[in-house]
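The residues making up each chain are set out below.
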Amino acid sequence: IPGSGPLVLATLPESSVLRTIRDLVTHAPRLLFANKHPRFQVLEFIHGELLDVSAPRGVPVPGHVIDDVAEAFGQLCTIPRQKIPALPENWPADGQTADFARRLSSVTAGVYTRFQPDFAGLFTSLGIPPDPLALAQARWQTLRPRPFRLLHTDIHRKNMILARGQTYFLDWELALWGDPVYDLAVHLHKMGYSAGEYEAMQAAWLAAVPADASGGWEPDLHTYLMHERVKSAIVDTVRYTKVITNGHASAQDEAELLRKLAGKLGAAQSTGGTWPGRRPPAPEEILALMRDWAHKRPA
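Residues numbered from 1 in each chain as written. Predicted model: local features only at pLDDT ≥ 70, side-chain atom pairs only at ≥ 80, totals over all residues. Heavy atoms only, no water.

**With respect to the packing of helix α4 (residues 97–125) against helix α11 (residues 283–296)**
The following threshold applies: The axes are straight lines fitted to the C-alpha atoms, using for helices just the contacting stretch, and the angles between their N-to-C directions are given from 0 to 180°. Per the convention used, a helix needs a DSSP run of H or I reaching at least four residues, while a strand needs a run of E reaching at least two, with both numbered from the N terminus. Orientation categories follow fixed angle ranges, with anything under 35 degrees roughly parallel, anything over 145 roughly antiparallel, 65 to 115 roughly perpendicular, and all other angles oblique. Crossings are assigned a handedness: left-handed for a near helix turned anticlockwise from the far helix by less than a right angle, right-handed for a clockwise turn. The contact rule is simple, with two residues in contact once any of their heavy atoms fall within 4.5 Å. Each residue is assigned to one of three groups, with Ala, Val, Leu, Ile, Met, Phe, Trp, Tyr, Cys and Pro labelled nonpolar, Asp, Glu, Lys and Arg labelled charged, and all others, Gly among them, labelled polar.
α11 packs onto α4 with a crossing angle of 155° between their chain directions and a minimal axis gap of 10 Å. As judged from the angle between their axes, α4 and α11 are roughly antiparallel. As for how α4 packs across α11, the hand of that crossing is right-handed. Residues D118, F119, L122 and S125 of α4 pack against L289, M290 and W293 of α11. Of the residues contributing to the contact of α4 with α11, the split by class is 5 nonpolar, 1 polar and 1 charged.

See below:
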């Protein structure tokens, strides 16, 4: 959307990524055609059901899903640098995980800076501090160097189709060349796994990726998760507030958005003291704060 500004880091054209992974990542849609002007692409149709429909948050995923995700992560780690599209200028050198992470947080900081003038009062009332990324950014320097690999960075229930007893992975437009531990962190953050599934996914990932992709992974996983939780709290405060205060949500959808935002704020405010001294607000309190913000907002 022209002029909207980025909410996430996107560097590689999806059509180029799909060409790269063809026959290397088993369960991904095939690119049939791509056009530059006007820009569009045609993908193979996969007849199945979104995982979010058959197993939404709170419902255990089918037994093969965790193994399928781990297999995809492992296959991505086999793709050499020379096969992927050209990277942006000054992209972090191979293994420079701290520089890679700073690219991630710079986009999140840009989102916060862009919306802060309009949402400052609401951010404060919801417990979002003036420098929400300070602790996460300080932790980047502790990341262990690891060889870069091709990453999907958006594997979650709405990007996974179950078909013929297999899991197919959609939406490759956020693919990056970077630290494979980050791919695991995004997946764990967005999936809403049960405690048992969460542990099983980590074990399956560890078994699927090469040893050099997982060295020192555990503390770094927690560092990346810290950033993802802060990013979700900021981005979704803006997104959900706009939907609710514009009257674009049904009563049921509004209640669900408020419940989700309360969870996201709570996760950011309780994760290793990310925002120390903050109390996560309840859904009804969030709604009252949103309405008060909208009432005071200049017309």
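**Considering the pairing of strand β6 (residues 166–169)**
Basically, it comes down to this: Note on pairing: two strands pair once DSSP finds at least 2 bridges between them.
As defined by bridge partners, strand β5 (residues 160–163) adjoins β6 across 4 bridges and the pair is classed as antiparallel. Across the sheet, I161 pairs through a bridge with Y168, a residue of β6. Linking β5 back to β6 in an antiparallel pair, the connection comprises 2 residues, with R164 at a positive phi of about 55°.

**Brief notes about the nonpolar core**
Defined as follows: Side-chain atoms within 4.5 Å link the members of a nonpolar core, which is a set of buried Ala, Val, Leu, Ile, Met, Phe, Trp, Tyr and Cys residues. Per-residue accessibility, obtained with a 1.4 Å probe over protein chains only, is compared with the maximum for each type, and a residue is labelled buried under 20%, exposed over 50%, and partly exposed between these values.
Membership of the largest hydrophobic core comes to 56 residues, with the highest contact counts inside it found for I21, F100, L150, W172, M201 and Y224. Non-local contacts of W172, meaning those with residues more than four positions away in its chain, are made with E14, V17, L18, I21, V25, A28, P29, L76 and H152. Counting 27 residues, the second largest nonpolar core, distinct from the first, contains F119, I128, Y240 and L265.

**Some words on the environment of V238**
You can see V238 is positioned in helix α9 (residues 217–245). Residues V238 and I84, 154 residues apart in the sequence, show an inter-C-alpha distance of 34 Å. Apart from the residues within four sequence positions on either side, V238 is in contact with F115, F119 and F123.

**Some words on the environment of W217**
With respect to the element layout, W217 can be found in helix α9. Relative accessible area serves as the criterion here: at 11%, W217 is assigned to the buried category. Sequence separation between W217 and A288 is 71 residues; the distance between their C-alpha atoms is 41 Å. For W217, the residues in contact, after removing those within four places along its chain, are R146, V181, L184, Q202, W205 and L206.

**What to know about the side chain of H227**
Mapped onto the fold, H227 is located in helix α9. H227 sits in the buried class, given a relative accessible area of 1%. When sequence neighbours within four positions are dropped, the list of residues in contact with H227 reads L104, S105, T108, L133, A136 and W140.

**Describing the side chain of T97**
Stated formally: Residues adjacent in sequence count toward polar contacts only when both atoms are side-chain atoms; beyond that, a polar contact is any pair of N or O atoms within 3.5 Å, and within protein one must be able to donate a hydrogen and the other to accept it.
Checked against the element boundaries, T97 lands in helix α4. A distance of 3.0 Å separates the side chain of T97 from the backbone oxygen of R144, its partner in a polar contact. In this view, T97 contacts L143, R144, P145, R146, F148, D179 and Y224; residues no more than four positions away in its chain are not counted.

**Brief notes about the pattern of salt bridges**
Side chains that differ in sign of charge can pair as their charged atoms come close. Short version of the rule: Salt bridges are identified by distance alone: a Lys or Arg side-chain nitrogen within 4 Å of an Asp or Glu carboxyl oxygen.
For the structure on display, the rule yields 13 salt bridges. Among the ionic pairs, R297 bridges to D118, the shortest N-O distance being 2.7 Å. In this pair, R297 sits in the segment after α11 while D118 sits in helix α4, placing the two residues 179 residues apart along the sequence. Of the residues examined, R297 reaches a relative accessible area of 39% and is grouped as partly exposed. The class of D118 is partly exposed, set by a relative accessible area of 31%. Because the salt bridges share partners, they merge into one network encompassing R146, D179 and D220.

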